[in-house]
Amino acid sequence: MNVVPQPSFLMVDWWALGAVIALTVGCLALLVLEFLPAGERSSRGGVISLLTLGVSAYAVLRVAQDRRSLFDGMFVHDGMTVFFTVLFCAIGILSVLMSWDYVKRTRINQAEYYALLLSSVLGMVIMAASNDLITIFLGLELMSLSLYVMVGFRRTRLESNEAALKYFLLGAFASGFLLYGIALLYGATGTTDLGRMGAFLADSPVLSNPLLLVGGLLVLAGFAFKVAAVPFHMWTPDAYEGAPTSVTGFMSAGAKAAGFAALLRFGLKAMGPLEDQWAPLLSVIAALTMTVGNVTALLQQNLKRMLAYSSIAHAGYILVAIVAGGTTGAGAAVFYLAVYSFMNLGAFAILTMMGQGRDERVLVSDLHGLGFRRPLLGVAMTVFMISLGGIPPTAGFMGKIQVFGAAIEAGLIPLVIIGVLNSVISVFYYLRVTVAMYMREPEGEPTAISQGLPALLCVVITLVLTVWLGIQAQPLWVEAQRSVLSLL
Amino acid sequence: MVPILFLGFAGLLIATALMVVLHKNPVTSALFLVLAFVSLAGIYLLLHAEFLGMVQILVYAGAIMVLFLFVIMYLNLQHDVERGLAIAVRRGIGWALGALLLLAGGTLLSRGWALGPVQPPVADPAGGNAAAIGQTLYSKYLFPFEITSILLLVAMVGAIVIAKGHSAAPPDSKEGA
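Residues numbered from 1 in each chain as written. Chains lettered and ligands numbered in written order. Predicted model: local features only at pLDDT ≥ 70, side-chain atom pairs only at ≥ 80, totals over all residues. Heavy atoms only, no water.

Quick notes on the domain arrangement of chain B
When its domains are assigned, chain B resolves into domain 1 (1-77) and domain 2 (125-167). Summarising the inter-unit geometry, the C-alpha centres of domain 1 of chain B and domain 2 of chain B are found 23 Å apart. (Domains from an automatic or database assignment.)

Structural notes on the pattern of salt bridges
Residue and element names in this part refer to chain A. According to the stated counting rule, one finds 11 salt bridges over all chains in the structure shown. The salt bridge partner of R157 is E159, with a shortest N-O separation of 3.7 Å. Between E162 and K166 there is a salt bridge; the shortest N-O distance is 3.0 Å. Of this pair, E162 and K166 are both found in helix α7 (residues 158-189), 4 residues apart, which corresponds to roughly one turn of the helix. Judged by relative accessible area, which is 33%, K166 ranks as partly exposed. Counted as one network, the salt bridges with shared partners bring together E162, K166, D238, E241 and R305. (Salt bridge = Lys/Arg side-chain N within 4 Å of Asp/Glu carboxyl O. Helix = DSSP H or I, 4+ residues; strand = E, 2+ residues; numbered from the N terminus. Buried < 20%, exposed > 50% of the residue type's maximum accessible area, 1.4 Å probe, protein only.)

Quick notes on empty space enclosed by the protein
All names here are of chain A. This structure, assessed with the given rule, holds 4 cavities of 30 Å³ or more. Roughly 50 Å³ of internal volume is contained in the largest cavity. M98, D101, Y102, R105, T352, M353, S450, G452 and A455 are the residues that line the largest cavity. Looking at the lining of the largest cavity, the elements that each hand over two or more residues are α4 (79-105) and α14 (326-353). No other element matches the 4 residues that α4 contributes to the lining of the largest cavity. Split by residue class, the lining of the largest cavity holds 4 nonpolar, 3 polar and 2 charged. Approximately 40 Å³ is the volume found for the second largest cavity. As for the second largest cavity, its lining consists of L220, A224, V227, A229, L263, L282, I285 and L319. (1 Å grid on protein atoms, 1.4 Å probe; cavity = no way out; pocket = protein on both sides within 12 Å on 5 of 7 lines; lining within 4 Å. Points joined across faces, edges and corners; volume = space filled by probe spheres on them. Nonpolar A, V, L, I, M, F, W, Y, C, P; charged D, E, K, R; others polar.)

What to know about a nonpolar patch on the surface
Residues and elements named next belong to chain B. Together, L85, V89, I93, L97 and L100 make up a nonpolar patch on the protein surface, roughly 520 Å² of accessible area in all. Mapped onto the elements, I93 comes out in helix α4 (residues 85-110). Under the relative-accessibility criterion, I93 is labelled partly exposed at 47%. (Patch = residues over 30% accessible without salt bridge, like charges linked within 9 Å, V, L, I, M, F, W, Y side chains within 5 Å. Areas by Shrake-Rupley, 256 points an atom, 1.4 Å probe, with all protein chains shown as cover.)

Looking at the side chain of D193 of chain A
Among the structural elements, D193 of chain A can be located in the loop between α7 and α8 (194-203). Within the structure, D193 of chain A has its side chain in polar contact with the backbone nitrogen of G195 of chain A (distance 2.9 Å). (Polar contact = N/O pair within 3.5 Å; in protein donor to acceptor, adjacent residues only side chain to side chain.)

Describing the nonpolar core
The biggest cluster of nonpolar side chains holds 191 residues, and the ones touching the most others in it are F84 and F88 of chain A. Once residues within four sequence positions are removed from consideration, F88 of chain A is found in contact with V121, M124, V125, A128, G254, A257 and A258 of chain A. The next biggest cluster of nonpolar side chains, apart from the first, holds 7 residues, and it includes A30, F37, L69 and I72 of chain B. (Core = buried A, V, L, I, M, F, W, Y, C linked by side-chain atoms within 4.5 Å. Contact = heavy atoms within 4.5 Å.)

Describing unusual backbone geometry
Backbone phi values are negative for most residues with the exception of glycine, while trans is the configuration of most peptide bonds. Here V230 of chain A and P231 of chain A are connected by a cis peptide whose omega angle stands at 5 degrees. Summarising the element assignment, P231 of chain A is placed in the loop between α9 (210-226) and α10 (235-242). Note the cis peptide between P392 of chain A and P393 of chain A, where omega equals 0 degrees. You can see P393 of chain A is positioned in the loop between α16 (375-389) and α17 (395-409). Backbone geometry places F71 of chain A, a non-glycine residue, at a positive phi of 50 degrees. With respect to the helices, strands and loops of the structure, F71 of chain A is situated in the loop between β1 (68-70) and β2 (75-77). Under the relative-accessibility criterion, F71 of chain A is labelled buried at 13%. One non-glycine residue with positive phi stands out, namely H48 of chain B, at about 65 degrees. Note that H48 of chain B resides in the loop between α2 (26-46) and α3 (50-75).

Encoded structure:
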């Protein structure tokens, strides 16, 4: 009988694993606490979630400068892990704030809602911190399973059921593709470790090997589904529209950032030696994603659908940055993800306030006259919209500058032209929201606003971040560039 | 002996997998799938992966297929043939894409494919590979193992959330059932 080697941890390793441990404990605590019934208006779930997310971010930031590789290199603690873990915790905190009153007024089961939110954040953290295809896949499944259920949380609504079913079925297919691709890549390279895979491919670039080719394409398809890139974007509008608004906000920011984090690690670390081969393919996907997203968004009357297509378009911009590659390109992608998360969560936080009771009012016409009735919400929505459109002096503008700057540096002039043209198109539908708020009078009763303090706080935080990052982008930009250093 | 057994199991696997797709009655398809799983388990046994072969039969052919059959019978799929122009067009597109995929797969496979440097560790013949799998699972693959346990817990919670009856909240008349 041989002895099983026990993993041994230093103190710094425990802190590096702190986010994973805290999120697990928080999720379990929420479920166990259900034995002590809480009132319908109780805020217990929200408070515990905020605490958990705060502790997770603290644990990782405490050892932010250390570099560790745990569990035989499956879990790495590097700049990228720190950046994305903090980003996911921020997304989680903002989502909890915007859900605070929304889940109460729509009578969603709070304990399960927050527990699934925490487990979803846990999946995202694992995806970003994984250096092995096995754990990337498990993290992705953990995130997705939680999201499938969260999308279908309003079981009395037909749209919510439809959205959950569509998302689940298509997501299961995408997971299947991804897993099959991982198996083939393992066959072709003999490892699932990203670093070793990259080293193997650098020694012998065996592109003619069908196993590698098919495996790589399948993995790419799986990731493209998660980040909603054309032609794997079909689920996005329906899932976004049918999901509870707070869940839509959470998944549009979190799931996208997690998908791109894993794609960045996979693309640059494992497939880095083959970059010349996959870059053209990814640029075609990027161009298609930007164009289809923006053009289709022009036709939408429902704000959630519009933001769904807009999120597809933004995935296209981020893909441009990944194609550009290098520290600048990857840094721009990471920077853009952070910026996009904040401005998008802000817009969704305002949408969660529209309507009363179980109502959900998310048509463009529901915003008529909002700008004068609620000046703060009007101004905030306007800022988020011009930021999403990429107009200075907002964070969205700085994001686009970095992305297109990196692309020009890499000589991708056609992609930049397509991207800029798309940005111009996008301004039209983003500004339509502002026009609706300030220049149209509501027909009949104006939309009721359920204004809660936490959601308002979420709007204020995202508003400040959006404006501040538009003026002072340098600190975050430096952090973003530093975070990707370990990949190259 | 082994090559003959392999050819037998592989042939059975391909034949039953084809029947799963081609047969019109879903229950019969599901039963063919059971046979396909058993043939695959046979191939695992030939590869000296006894544990995997047993798990394949216990979990897939046993537990999962029972669920499959349960759901198929529960849904009560009566009409076996769908008609109409839209279906015909879709079926045509499906055939075209399938042919394309077959062509692409054939071209790729004919280009000569190579396995990477996979060196499967040979299990200790006394302990069998169940012991080896257990040791690897709790040492090298400890982290994925723990994530899987959380994953299963979340799946369970999710299923309960979706399936449990209406709680204290009264059904809202404005939103359809």
